[in-house]
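The residues making up each chain are set out below.
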Amino acid sequence: MTDNLQSPIRRFYAGKNVFITGATGFVGVTIIEKLLRDIPEIGTLYILMRAKKGKSVEQRVEDVKKNSVFNRFKEMKLEDRFAKIKPVEGDVGQENLGLSAADRQLLIDNVNVVIHSAATLDFFQGLRETTCINLLGTRRVVELCSQIKQLNSLVHVSSAYVNSYLTDVEEKLYPAPDDPEKVIDLVNKSSDSALKEMEPKLLKDHPNTYTFTKHLAEHEVAKAATRFACGIVRPSMITAAWHEPVPGWTISKNGPQGFVMGAAKGVIRRLPLDASVIMDYIPVDVVTNAIITTGYYVDALKVKNGNKPDQLQIFHLTSSTYKPFRFEKLVAQINAGMHEYPLASAVWYPRLQFVKNLTAFRLGAIFFHFIPALFLDLLTVVTGGRPILLRLHRNVWNSLNTLERFIFTEWHYDNKLAIKLAKSMDPVDKKLFGIDIETLCWEEYFKNMHMGVREYLNKESPKNLEAARKKDKILLGLHVAMQLLVYYGIFKLLVCFGISSPKAALVMPLVYMGFNAL
């Protein structure tokens, strides 16, 4: 067995105190779990949190400890390490990060590594909110870093999509899309309606305010790179765990996890997606390991450079040019998986079809989403439940124009620097903090993701699998019966319009193919 104490990364973090923003998010909780589990010598983890929904930050930390990311951690009897977590009340969206004078001084005196992963990820938010959190929030973190007495490194979690106006992107800082001071001034002086009117002109080729403000945020970090060691990581779509804490673990409903969740319920039957396009996905544990590694690496470069900060380091945590993935190879597997690992809570027999044309998808959505949702919501109301399906499908419908660019565009993110970093890591670190996805098998990964979505998002225990499989067979029978009834109804309708029965019978295969094309 390898001695983990030989790990340079573990030795670097031993005794160091880490300040984390965005600690309650998908990436944030995995960072906390990984640091506590694999670096027992870690110092204090200061996590920036807001009091929320009547809960104090201390109460919210207790909620974090209950997160499923810590299931393995608890099985290993490591709960005593939770004592290393110290919540600090604040908010990246407020001046001075919303910190009290005492808490700010606490961080200035004690922190060694800062991981800034807080951001608003909403593609539909206005410029005011995204500027306040993504741009000014990053500026506030950088300002704090400049005051920290013994800062080793700052790691800024950006996104591969900050440069989504390009389809071929390198690991470098691209020119700012606008003057940040001008943008901040406009936000401060303009009304919401005026900002909305100005957005298209300001965003230029950026698809939304998220990518625009995250791009500007990178330049805030770049300005500080001559004063202290900085690294930027740019993950693409972050998906379920590859290995850690367990294969398939996820709490995120974004990307493939979300549609697998809905499809397994039987409520999402069509998806607007070109299966031949490369989709860029990256497992959350790879992202977490890369963030931790970057914190160590940029400090090591500084030390090597005579304790002077080296140039800004940027790493793409992406798969498109290194381990490309297309859904066309997995359509059958995804549909089979929904019956191999079905849900006891499924409302209809699951079957997912990809549609690479938005017009065809909208037509199909009327027949396969909205009409069934109407009946299921009515049934829910009658039985005393809360109807949600119509609202869900309406939200998807309304977001299609905004998301179209992300659904059908193929991006190529060069990740040569990330690969170089991965290959140069110490053998022990490669095992503990691996970031190389060369051996990732997408078929196996999606199988584990499917089981993870079932357990962690749909909240179904492996123990009810046999009961779920029995229900799946019943739903299949009902599905076939319903199809026969619908096609028989169409046949009778054709006859009512004066078409002879033999001719109507000849038309039915065309009707079947037409529905399948939607």
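Keep in mind that this is a model prediction, so the values were computed, not measured.

Caption draft 1: Molecular detail of the environment of L151. Inspection of the secondary structure puts L151 in the loop between α6 (127–147) and β5 (153–157). Overall, the relative accessible area of 13% leaves L151 in the buried class. Here the alpha-carbon distance between L151 and K65, two residues 86 residues apart in the chain, equals 27 Å. Residues in contact with L151, not counting those within four places in the same chain, are V111, N112, V113, V114, C145, F228 and K302.

Caption draft 2: Quick peek at helix α14 (residues 389–408). With 20 residues, α14 extends only 25 Å from end C-alpha to end C-alpha; this falls clearly short of the ideal 28 Å at 1.5 Å per step. Most pronounced at T402, the bend in α14 amounts to some 70°. Of the positions making up α14, those classed as buried are L389, H393, S399, L400, F406 and I407.

Caption draft 3: Spatial organisation of the packing of helix α12 (residues 331–340) against helix α17 (residues 442–457). One can describe the packing of α12 onto α17 by two numbers: an axis separation of 10 Å at closest approach and a directional angle of 30°. As the angle between them shows, α12 and α17 are arranged roughly parallel. Crossing of α12 over α17 shows right-handed handedness. Touching Q333, I334, G337 and M338 of α12 are E443, F446, K447 and H450, all from α17. Here the contact of α12 with α17 is built from residues that sort into 3 nonpolar, 3 polar and 2 charged.

Caption draft 4: Looking closely at the pairing of β5. Counting buried positions along β5 gives 5 out of 5 residues, so the element sits mostly inside the fold. Neither face of β5 is left uncovered, since the one carrying S153, V155 and V157 and the one carrying L154 and H156 both have all their residues buried. Crossover handedness for the path strand β4 (residues 113–116) to α6 to β5: right-handed. Relative to strand β7 (residues 230–235), β5 runs parallel, the two sharing 4 bridges. Bridge pairing in β7 links H156 to I232.

Caption draft 5: Up close: the pattern of salt bridges. Scanning all chains against the criterion turns up 25 salt bridges. Salt-bridge contacts for E33 lead to R37; the nearest nitrogen and oxygen are separated by 2.6 Å. In this pair, E33 and R37 both sit in helix α2 (residues 26–38), 4 residues apart, roughly one turn of the helix. Exposure remark for E33: the relative accessible area of 2% places this residue in the buried category. The class for R37 is buried, based on a relative accessible area of 6%. One salt bridge connects E218 with R234, and the closest N-O pair in it is separated by 2.8 Å. Here E218, found in helix α9 (residues 209–224), pairs with R234, found in strand β7; they are 16 residues apart in sequence, far enough to count as distant. Across this residue pair, the class does not change: E218 and R234 are buried. Overlapping salt bridges bring together E33, K34, R37, D38 and E244 as one network.

Caption draft 6: How the structure looks around the side chain of S319. Checked against the element boundaries, S319 lands in the loop between β12 (313–317) and β13 (325–326). Classification of S319 by relative accessible area gives buried; the value is 0%. Only 2.9 Å separates the side chain of S319 from the backbone oxygen of Y281, close enough to count as a polar contact. If near-sequence neighbours (up to four positions away) are discounted, S319 is found in contact with M279, D280, Y281, P324, I437 and W442.

Caption draft 7: Layout of unusual backbone geometry. The step from E244 to P245 runs through a cis peptide bond, and the omega angle for that step is 0°. As for its position among the elements, P245 is in the loop between β8 (237–239) and α10 (255–265). Even without glycine at this site, K204 takes up a positive phi of about 55°. Relative to the helices and strands, K204 is located in the loop between α8 (192–203) and α9.

Caption draft 8: How the structure looks around the nonpolar core. Within the largest apolar cluster, 89 residues are counted, with the highest numbers of intra-cluster contacts made by Y13, I20, I32, I291, F327, L352 and F446. Split by domain, the residues of this core number at least three in each of domain 1 (8–248 + 278–324 + 411–437) and domain 2 (326–407 + 460–517). Among residues more than four places away in sequence, those in contact with I32 are I20, A23, L45, I47, F70 and I85.

Caption draft 9: Seen up close, the environment of L301. Within the secondary structure, L301 sits in helix α11 (residues 284–304). Judged by relative accessible area, which is 16%, L301 ranks as buried. Separated by 157 residues in the primary sequence, L301 and N458 have C-alpha atoms spaced 44 Å apart. When neighbours within four sequence positions are excluded, L301 is seen to be in contact with D310 and Q313.

About the criteria used
- Residues numbered from 1 in each chain as written.
- Predicted model: local features only at pLDDT ≥ 70, side-chain atom pairs only at ≥ 80, totals over all residues.
- Heavy atoms only, no water.
- Helix = DSSP H or I, 4+ residues; strand = E, 2+ residues; numbered from the N terminus.
- Buried < 20%, exposed > 50% of the residue type's maximum accessible area, 1.4 Å probe, protein only.
- Contact = heavy atoms within 4.5 Å.
- Expected span 1.5 Å × (residues − 1).
- Bend = angle between axes of the 7 residues up to and from the residue.
- Axes fitted to C-alpha atoms, helices over the stretch in contact; angles between N-to-C directions.
- Parallel < 35°, antiparallel > 145°, perpendicular 65-115°, else oblique.
- Left-handed = near helix turned anticlockwise from the far one by under 90°.
- Nonpolar A, V, L, I, M, F, W, Y, C, P; charged D, E, K, R; others polar.
- Right-handed = clockwise from strand over helix to strand, strands pointing away.
- Pairing = 2+ DSSP bridges.
- Salt bridge = Lys/Arg side-chain N within 4 Å of Asp/Glu carboxyl O.
- Polar contact = N/O pair within 3.5 Å; in protein donor to acceptor, adjacent residues only side chain to side chain.
- Core = buried A, V, L, I, M, F, W, Y, C linked by side-chain atoms within 4.5 Å.
- Domains from an automatic or database assignment.

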